[in-house]
Amino acid sequence: MKRLKYIGLFIVLICSFSCKEKAEIQEINEFTKLEGVAFGTTFHITYGTQIDYTKQIDSLFHLINKSLSTYITNSDISKINNGDSTIVVDQYFKEVFRKSERIFEETEGVFDPTIGVLVNAWNFGPEEASTIPDSLDIVKLLDLVGFDKVQLKNGKISKENPQMYFDFNAIAKGYAVDIAGRFLESQKVENYLVEIGGEIRTRGQSATNKPWRTGIEEPNFDGTRSIGKVIELKNQAMATSGSYRKFEIDSITGEKYVHIINPKTGYSTQSNLLSVSIITELDCADADGYATALMAMPLEEAKQFLSKYTNLKGYLIYVTKEGEMKTFSSNNF
């Protein structure tokens, strides 16, 4: 490791992040900023002390990957997906499982991490599919979906069918945000922002002694990125799920399939919703799960859900029948 010092600002390049990923540290005034790549996306962590926590956060990210990443063949979740019923899961798997169980029940099955076989079939997971599934394929795969068909007991996972496939990607990124934030809190850090791939957790204030500010993106279809709304976060988490950037196109029909899969139908979600952002004082993992679930709902159903669960603040971007882009904010937003 090389450490380069400058007056007022010094930058350190670290090459020890998980999966040979690099992180950059910037220290400005009393705040430190870490930047790098993890979980297949970028991360930014800013916190109110000059202590370098790179190694500790790197270790935490490694442990989460080892537990929950379907892209790592020897992770606990991969072993369980391959039928190993002897695995005793760790604290990370347990907490994500219990959170998923609750959100599954609250959304009446719209959020379902046993959707992995469908995610892979539609070519959005680690296992590449050569063809788009037909209706008969979907019927067979739906027999392998249902969070009420799995159990966590005595630290082990049991499945009604050994071919059932867990995919916690809709909540794990937010959970990694929480784990990094909780670590900083354990070190008595009162002011921080942790962001991984757009999922955010904040505590305290920024370096300017003001609330942390972030933006909600406009759904641009041309690959460009622009901010449509600026948000202030005060000891809150925020997660956004969208259908406008990640999709597959059938090479034969030219039809577009978005990555949000409806676990009840088995098909790519057909909705006029383009983006759902959830702000809450709950964990970022919760915000992540709820945002994904609402993206799989029809617009009116998503609105009704937000009116029922007032601990969630929702900001929805959708397209009308006339092709006009509009937004909806829950009453408490």
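Residues numbered from 1 in each chain as written. Predicted model: local features only at pLDDT ≥ 70, side-chain atom pairs only at ≥ 80, totals over all residues. Heavy atoms only, no water.

Chemist: What am I meant to see in the overall build of the protein here?
Modeler: Along its length, the protein carries eight helices and 17 strands. Of all 333 residues assigned to the protein, the portion counted as buried reaches 51%. For the protein, long-range pairs separated by at least 24 residues make up 55% of all intrachain contacts whose partners lie at least 6 apart in sequence. Only carbon and sulfur atoms are counted for the fraction: they give 49% of the accessible area of the protein, which is about 16,500 Å². (Helix = DSSP H or I, 4+ residues; strand = E, 2+ residues; numbered from the N terminus. Buried < 20%, exposed > 50% of the residue type's maximum accessible area, 1.4 Å probe, protein only. Contact = heavy atoms within 4.5 Å. Areas by Shrake-Rupley, 256 points an atom, 1.4 Å probe, with all protein chains shown as cover.)

Chemist: Any chance you could explain the pattern of salt bridges here in plain terms?
Modeler: Scanning the entire structure with this criterion turns up 13 salt bridges. A salt bridge links R98 to E101; its shortest N-O distance comes to 3.1 Å. Taken as a pair, R98 and E101 lie in helix α3 (residues 91–106) at a separation of three residues, close to a single helical turn. Classification of R98 as partly exposed rests on a relative accessible area of 41%. What makes E101 partly exposed here is its relative accessible area of 26%. Between E300 and K303 there is a salt bridge, with the nearest N and O atoms lying 3.5 Å from each other. In this pair, E300 and K303 are both assigned in helix α8 (residues 299–308), three residues apart and thus about one turn of the helix distant. Among the charged side chains, a salt-bridge network with shared partners connects E95, K99, R102, D178, R182, E185, R201, R203, D283 and D286. (Salt bridge = Lys/Arg side-chain N within 4 Å of Asp/Glu carboxyl O.)

Chemist: Sorry, what's going on with the nonpolar core here?
Modeler: A general tendency of soluble globular proteins is for nonpolar side chains to be buried together. Among the nonpolar cores identified, the biggest contains 80 residues, and I45 and F168 are the most heavily contacted of them. Here F168 is in contact with L68, I77, F93, V96, F97, S100, P113 and F147, once residues within four sequence places are set aside. If you look at the next biggest cluster of nonpolar residues, it comprises 12 residues, including I200, I216, I231 and L274. (Core = buried A, V, L, I, M, F, W, Y, C linked by side-chain atoms within 4.5 Å.)

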